[in-house]
Amino acid sequence: MDVTNQTTVREFIFLGFSAVPQLRLTLFVVFLIVYLLSLVGNTLIIFIVLMDSALHTPMYIFLGNLSFLEIWYTTATVPKLLATCLSQIVTISISGCITQYYFFFSMGATECILLAVMGYDRYLAICNPLRYSLLMSLQICLWFSAGSWIGGFIAPLLPTILISYLNFCGPQKINHFFCDSDPIFKLSCSDTFFAEALGYTCSSVVILSSFLLTMSSYGHIMLTIIRLSSREAQKKTFSTCASHLTVVSIYYCTIIFAYVRPPAKYNFTIGKVVSVFYCVVTPLVNPFIYTLRNKDVKKAFRKTLAQKRLLWDRNIQDF
């Protein structure tokens, strides 16, 4: 497109859920409650894992990483979402939009890799219990954790660089509540074919490869559980990975629907609704599933509360 006589756009305007103005206040309250619960829940998991030495094992180190990731993953998008529910005009600069795009997709890629690593960890623990401490030592666990973050932040780097070279000449309204890839490409007056193709390829490779690795781990786990002779042993073994599988299913179903498809098939209304699940709902579901279904976490939580209560009582007596 010829951009010679067109005005360069310096900022975008988020439309959010402006199509349903009568529900904006209700949506604001709901999203705010979910966001705060997500922050509190994930922060609590990190605190429990750090405070209880019994949880300084690979499984809970990965869980702490996931909770830390979820805090920033949801914080990258939800504040703007809340703003669109309160204000008619919510803007973001071009550089701010590209920065949000990069951090959102970096943390999304990190979560994909981390979920695959957590699935592999459960596979080793259940299918190779005698060699688990050797195959997943603390050092290897830390390397896996660091690798997840590094790989996640490298994955969207090149697509982000290409997007930063695009020209935006108007319109400036993003039909979304954050800087997602398709709405950005829709507003560009440059040729976006290469940037779209590369972004689509990167997201598909990261999502599908991590999904297949994760499902492969859980497939082997299911076969191992079936071979167990005791029904009680089957139930106990399955309970250790059921929470992981629940989080994985919710997360991958939504992001595969959103990003593993041709760009031409994108529907902005459906895209916004689906985005709410992986931007808002999943970060909340994560801590509650892990705390409600995991006996070790609940035990550590009660232990921490008891210690804090005892410390409080002593301080009161000294006072």
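These numbers come from a predicted model, not from an experiment.

## Things to note about the confidence of the model for the protein
Link 1 in the chain: Residues at a pLDDT of 70 or more form 87% of the protein, whose mean pLDDT is 86.
Link 2 in the chain: The spread of mean pLDDT over the elements of the protein runs between helix H12 (residues 295-318), the lowest at 68, and helix H6 (residues 138-154), the highest at 96.
Link 3 in the chain: Counting contacts from residues 1-5, a segment whose pLDDT is below 50, to residues more than four positions away or on other chains yields 4 contacts.

## Observations regarding the packing of helix H2 (residues 58-75) against helix H4 (residues 94-127)
Link 1 in the chain: Put simply, H2 and H4 touch, their axes get as near as 10 Å, and they point 160 degrees apart. Relative to H4, the element H2 is oriented roughly antiparallel. Between H2 and H4 lies a crossing of left-handed hand. Two secondary-structure elements touch here, H2 through Pro58, Met59, Phe62, Leu63, Asn65, Leu66, Leu69, Glu70, Trp72 and Tyr73 and H4 through Phe104, Met107, Gly108, Thr110, Glu111, Leu114, Leu115, Val117, Met118, Asp121 and Arg122.
Link 2 in the chain: The residue inventory of the contact of H2 with H4, partitioned by class, reads 14 nonpolar, 3 polar and 4 charged.

## Observations concerning the UniProt feature "transmembrane region" (unreviewed entry) in the protein
Link 1 in the chain: Those places that UniProt annotates as "transmembrane region" (unreviewed entry) correspond, in this numbering, to residues 25-50, 101-120, 132-158, 205-226, 238-260 and 272-292.
Link 2 in the chain: In residues 25-50, the share of helix is 100% and the share of strand is 0%. The end C-alpha atoms are 38 Å apart.
Link 3 in the chain: For residues 132-158, helix accounts for 85% and strand for 0%, while the C-alpha atoms at its two ends are 37 Å apart.

What counts, and at which threshold
- Residues numbered from 1 in each chain as written.
- Predicted model: local features only at pLDDT ≥ 70, side-chain atom pairs only at ≥ 80, totals over all residues.
- Heavy atoms only, no water.
- pLDDT = per-residue confidence, 0-100.
- Helix = DSSP H or I, 4+ residues; strand = E, 2+ residues; numbered from the N terminus.
- Contact = heavy atoms within 4.5 Å.
- Axes fitted to C-alpha atoms, helices over the stretch in contact; angles between N-to-C directions.
- Parallel < 35°, antiparallel > 145°, perpendicular 65-115°, else oblique.
- Left-handed = near helix turned anticlockwise from the far one by under 90°.
- Nonpolar A, V, L, I, M, F, W, Y, C, P; charged D, E, K, R; others polar.
- UniProt positions renumbered as here; feature names shortened; annotations may be inferred.

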